[in-house]
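Spelled out from the first residue to the last, the chains are:
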Amino acid sequence: MSDDLENFDVAVIGAGVNGAGIARDAAMRGLRVAVFDQDDVCSGTSAISSRLIHGGLRYLEYGEIPLVFESLRERITLRKTAEHLVKPIRICIPIYESARRGPLLIRIGMILYDLLSVGKTVPGHDMLSRDEAIAAEPGLERSGLRAAARYYDAQVAYAERLVLENLLAARAAGAAIRTHNRVDRIHIEHGAVAGLSYTDTITGETGECGAAVVVNAAGPWVDSVLATTGKRFKKLIGGTKGSHIIVSPFEGAPADAFYVEAAADGRPFFIIPWNGLYLIGTTDIRYDGDLSEVRASAAEVDYLLEETNRVFPAANLGRDDIHYAYAGVRPLPQRSRGPEGSITRKHIIKRNRRIARGLVSIIGGKLTTYRHLAEQTVDKVGKVLGRRLPECRTRAMKLPGAYRIAEAREQLEASQLLAEGGVERLLGVYGGRAIDVLAVQNGDFNDVLDERRTVLAAEVVFAIREEMARTLIDIVHRRLMVGLDADQGRPLYERIADIAGNELGWGEATRNDQLKALVDYSDSLGV
Ligand SMILES: Cc1cc2nc3c(=O)[nH]c(=O)nc-3n(C[C@H](O)[C@H](O)[C@H](O)COP(=O)(O)OP(=O)(O)OC[C@H]3O[C@@H](n4cnc5c(N)ncnc54)[C@H](O)[C@@H]3O)c2cc1C
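Being a predicted model, the structure only gives us computed values, none of them experimental.

### A few points about the overall build of the protein
Then, in step 1: The number of helices and strands found in the protein is 15 helices and 18 strands.
Then, in step 2: When contacts within the protein are restricted to residue pairs at least 6 apart in sequence, those whose partners lie at least 24 apart make up 72%.
Then, in step 3: Here the protein displays about 21,200 Å² of accessible surface, and carbon together with sulfur accounts for 49% of that area.
Then, in step 4: Put simply, the protein has 67 plus and 70 minus side-chain charges, and the middle of one group is 9 Å from the middle of the other.

So, in structure tokens, the structure goes:
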């Protein structure tokens, strides 16, 4: 073994939104924190979501009022603390004669949703007549249309960056963060957690660290992490699979996001303007298979295409129109009966006392509620440690990119390096931290990467030096975010590989291996 880390108060397993949020909160309250992820920051479920910061209108149907209230409160918090990443989005619900939910029911839901959003930072709902709905969205199917409802929620276009910024804040508060480090074993001594062993999946190096508390925030992998204790336990996760497809703006495409009841099964799904494209999803199917093999199935893809074409008939979308798709598994609590949609989206913070003292597992949760989940988890960690911790400060404290935004805009515009779209892109990806990217740019990397002049060469170096990127996949798909474009950023791969290779001292063979892994990864998202 080599490279041992010291002793920590808390070791967090998983750098998804929940692990990242917990690490930030714990470090900000003075705990010594280490974070491990077997892959990169936000490489699990947190990256395959619908990217909405929402109360979850649907949950009202299941009487989950506290969850909706909590989510709406967190939506307000995130708008204030991460305004560069979390933006308001208007959502329209068309109401057809055949719909299971009629105008009255939807209206009641809307009023309740508005009432639960006390102190909200977005406008309230409005109801549209059939004619008003058609005037607002001419591409909408007219046959059987009775009315429509519109309301606001929020969107986090780059969930990856939200997770990253939580980890950057955790690191700034002293946390040690190890990406591409898989936890192989949780050590238990005298009935209590003692630490863990890990392997760096890039270098192959192994190590151990001590930890008084281990927080298992491994999302759908929670049970496989528990298995590393070598103890018997009752399965905690009963995941459901969800898939999305990504297409270009299509004929008759809506200006607003749409929340539509599927004709095939009555399930609601979204058609969302996102990243200059449309994100369409999701499905909800119980899944117990291999978590490394989760792909959008042909049946799911056809379902999403058919349902979209039904509501926007001129779209006429087919498989060839899909740029890529993504799929993953919701880490929901184990429940084998009842429809998938009825499984609670509330999170559970479970102390695994029967396995070991000091072991805590996170079940469920939403992107939207991660901050509150983190606060509750760290409160619990304080109790386990028998320590009175300072109060949580994350409700008011901005994320790192939420400072200096106006100044960043001024500097980007003054530099004249980028086209207008490029300035917006940099602000959307880095917020005020674009100033720090410019500082690198003004050093040795006075160049743009693309013909449209929207991506700076310095971003590649910045991702490595400042944002913990270790592979080309990390850089393209979870730092620069060009991997989410229609072409998945492919025209830039060679240039990015050259700059990254230079920065990280890669030889020709490593560079080519990295490039192949990147292309394979992007290809794997095809349908
Ligand atoms: C289809 C779909 C749509 C969704 N849409 C929304 C939405 O619009 N809004 C919303 O609020 N929520 C949404 N959600 C829910 C939300 O995305 C998830 O609940 C949330 O992202 C879970 O985050 P997590 O951190 O718990 O798990 P993850 O993001 O999966 O993170 C777990 C991490 O643990 C790591 N890990 C696993 N095993 C190990 C190990 N042995 N060692 C080290 N690391 C390990 C993994 O690599 C992974 O990065 C959606 C979920 C799905 C599936």
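### What to know about helix α2 (residues 65-81)
Then, in step 1: For α2, with 17 residues, the first-to-last C-alpha span of 24 Å sits near the 24 Å given by 1.5 Å per residue.
Then, in step 2: Regarding α2, the residues found buried are Leu67, Val68, Glu70, Ser71, Leu72, Glu74, Arg75, Ile76, Thr77, Leu78 and Thr81.
Then, in step 3: Against β3 (52-53), β4 (86-96), α3 (103-116), β6 (145-156), α5 (159-172) and α8 (370-385) lie the buried residues of α2.

### What about the site of the ligand?
Then, in step 1: As a matter of local geometry, the ligand sits amid 37 residues, with Asp37, Ser46, Leu52, Gly365 and Thr368 nearest to it.
Then, in step 2: Measuring from an oxygen atom of the ligand, one finds a side-chain N or O atom of Thr368 at 2.7 Å.
Then, in step 3: About the coverage of the ligand: the protein hides 96% of its 1,000 Å² of free accessible area.
Then, in step 4: Among the elements of the structure, α1 (17-28), β8 (181-189), β11 (240-247) and β16 (322-330) are those that each provide at least two residues to the shell around the ligand.
Then, in step 5: In terms of domain composition, the shell around the ligand takes at least three residues from each of domain 1 (7-46 + 160-236 + 344-385) and domain 3 (240-330).

### Overview of a positive patch on the surface
Then, in step 1: On the surface, Lys234, Lys350, Arg353 and Arg354 cluster together to form a positively charged patch.
Then, in step 2: Note that Lys350 resides in strand β17 (residues 348-351).

### Side note on the pairing of strand β9 (residues 192-200)
Then, in step 1: For β9, a buried count of eight out of nine residues is recorded, marking the element as mostly surrounded by other parts of the structure.
Then, in step 2: The sheet contact formed by β8 and β9 spans eight bridges and is antiparallel. Opposite Ile188, over in β9, you have Val193 as the bridge partner.
Then, in step 3: What sits between β8 and β9 in their antiparallel hairpin is a turn of two residues, with His190 showing a positive phi close to 50 degrees.
Then, in step 4: When β9 meets strand β10 (residues 206-216), the two strands line up antiparallel, connected through five bridges. When the bridges of β10 are listed, Gly195 appears paired with Gly210.
Then, in step 5: Between β9 and β10, which pair antiparallel in sequence order, lie five residues; one of them, Gly204, sits at a positive phi of approximately 80 degrees.

### Section: the nonpolar core
Then, in step 1: Of all hydrophobic cores here, the largest spans 75 residues; its most connected members are Tyr151, Val460, Leu472, Ile475, Leu480 and Ile496.
Then, in step 2: By residue number, the principal contributor to this core is helix α12 (residues 458-466), which donates six residues.
Then, in step 3: The contact partners of Ile475, leaving out residues within four places of it in the chain, are Val460, Ala463, Ile464, Ala469, Leu480, Met481, Ile496 and Ala500.
Then, in step 4: Counting 46 residues, the second largest nonpolar core, distinct from the first, contains Ala23, Leu168, Leu389 and Met468.

### Here's the deal with the packing of aromatic side chains
Then, in step 1: Under the criterion given, the structure shown has seven aromatic pairs.
Then, in step 2: Consider the rings of Tyr259 and Phe270, whose centres lie 4.3 Å apart with planes at 10 degrees: the pair is stacked. Here the residue Tyr259 occupies a position in strand β12 (residues 257-261), and Phe270 occupies one in strand β13 (residues 268-274), the gap between them amounting to eleven residues.
Then, in step 3: An aromatic cluster of at least three residues, connected via ring pairs, comprises Phe250, Phe258, Tyr278 and Phe312.
Then, in step 4: Between Lys398 and the ring centre of Tyr403, over which it is positioned, the NZ or CZ distance is 5.8 Å.

### Notes on the side chain of Glu74
Then, in step 1: Structurally, Glu74 is set in helix α2.
Then, in step 2: Those residues in contact with Glu74, other than ones at most four positions away along the chain, are Thr368, Thr369, Arg371, His372 and Arg395.

### Section: the environment of Ala172
Then, in step 1: Within the fold, Ala172 resides in helix α5.
Then, in step 2: In this structure Ala172 comes out as exposed when scored by relative accessible area, which is 71%.
Then, in step 3: Distance from Ala172 to Ala27, taken between C-alpha atoms, is 8.7 Å for residues 145 residues apart in sequence.

### Things to note about the environment of Asp321
Then, in step 1: Mapped onto the secondary structure, Asp321 falls in the loop between α7 (298-311) and β16.
Then, in step 2: Asp321 gets classed as partly exposed once you look at its relative accessible area, which sits at 33%.
Then, in step 3: It is 6.0 Å that separates the C-alpha atoms of Asp321 and Val247, two residues lying 74 residues apart in sequence.
Then, in step 4: Beyond its immediate stretch of four places on either side in the chain, Asp321 contacts Ile246, Val247, Ser248 and Asn316.

### Topic: helix α11 (residues 434-441)
Helical geometry note: an α-helix holds 3.6 residues per turn, so side chains three or four residues apart project in the same direction.
Then, in step 1: Judged by how many residues are buried, α11 sits mostly within the fold: six of eight residues are covered.
Then, in step 2: For α11, every residue scored as buried is listed here: Ala434, Ile435, Val437, Leu438, Val440 and Gln441.
Then, in step 3: As for α11, its buried residues are in contact with α9 (405-415), α10 (420-430) and α12.

### Quick look at the pattern of salt bridges
Then, in step 1: Using the criterion set out here, one finds 37 salt bridges in the structure.
Then, in step 2: Among the ionic pairs, Glu413 bridges to Arg409, the shortest N-O distance being 3.8 Å. One end of the pair is Glu413 and the other is Arg409, both in helix α9 and four residues apart, which spans about a single turn.
Then, in step 3: In this structure, a network of salt bridges that share partners links the residues Asp39, Asp40, Asp474, Arg478 and Arg479.

Calculation criteria
- The numbers attached to residues start from 1 for each chain and follow its sequence in the written order.
- Only residues with pLDDT of at least 70 get local features here, since the model is predicted, and only at 80 or more are side-chain atom pairs given and counted; chain-wide, interface and lining totals rely on the full set of residues.
- Values reported for side chains reflect all heavy atoms of the structure, with hydrogen atoms and water molecules removed beforehand.
- Secondary structure elements follow DSSP: runs of H or I of four or more residues count as helices, runs of E of two or more count as strands, with numbering from the N terminus.
- By the convention used here, residues are in contact when the closest approach between their heavy atoms is within 4.5 Å.
- In these tables, accessible area is a Shrake-Rupley quantity obtained with a 1.4 Å probe, and a residue counts as shielded only by the protein chains included in the view.
- His is not counted, nor are the chain ends, whereas Lys and Arg count as positive and Asp and Glu as negative.
- Taken as the charge centre is NZ of Lys, CZ of Arg, CG of Asp or CD of Glu, depending on the residue.
- Multiplying 1.5 Å by the helix residue count minus one yields the expected span of that helix.
- Categorising residues by exposure relies on relative accessible area from a 1.4 Å probe, with only protein chains included: less than 20% of the type maximum marks a residue as buried, more than 50% marks it as exposed, and the intermediate range marks it as partly exposed.
- Residues are labelled near a given molecule or strand when at least one of their non-hydrogen atoms is within 4 Å of it.
- In the analysis that follows, any N or O atom pair within 3.5 Å is treated as a polar contact, provided that within protein one partner can donate a hydrogen and the other can accept it, and provided that, for residues neighboring in sequence, both atoms belong to side chains.
- The source of the domain bounds is an automatic or database domain assignment.
- Patch definition: residues with relative accessible area over 30% and no salt bridge; like charges joined within 9 Å; nonpolar side chains (Val, Leu, Ile, Met, Phe, Trp, Tyr) joined within 5 Å.
- Within this document, salt bridges are pairs made up of a side-chain nitrogen of Lys or Arg and a carboxyl oxygen of Asp or Glu, the two lying within 4 Å of each other.
- Paired strands, as defined in this entry, are two strands with at least two bridges between them according to DSSP.
- Put simply, a nonpolar core is a bunch of buried Ala, Val, Leu, Ile, Met, Phe, Trp, Tyr and Cys residues held in one set by side-chain atoms that sit within 4.5 Å of each other.
- Only rings of Phe, Tyr and Trp enter the pairing, Trp through its six-membered ring, and a pair is recorded when the two centres are within 6.5 Å. The plane angle decides the type: under 30 degrees is stacked, over 60 is edge-to-face, the rest tilted.
- Put simply, a charge is over a ring when the Lys NZ or the Arg CZ is close to the ring centre, within 6 Å, and near the line of the ring normal, within 35 degrees.

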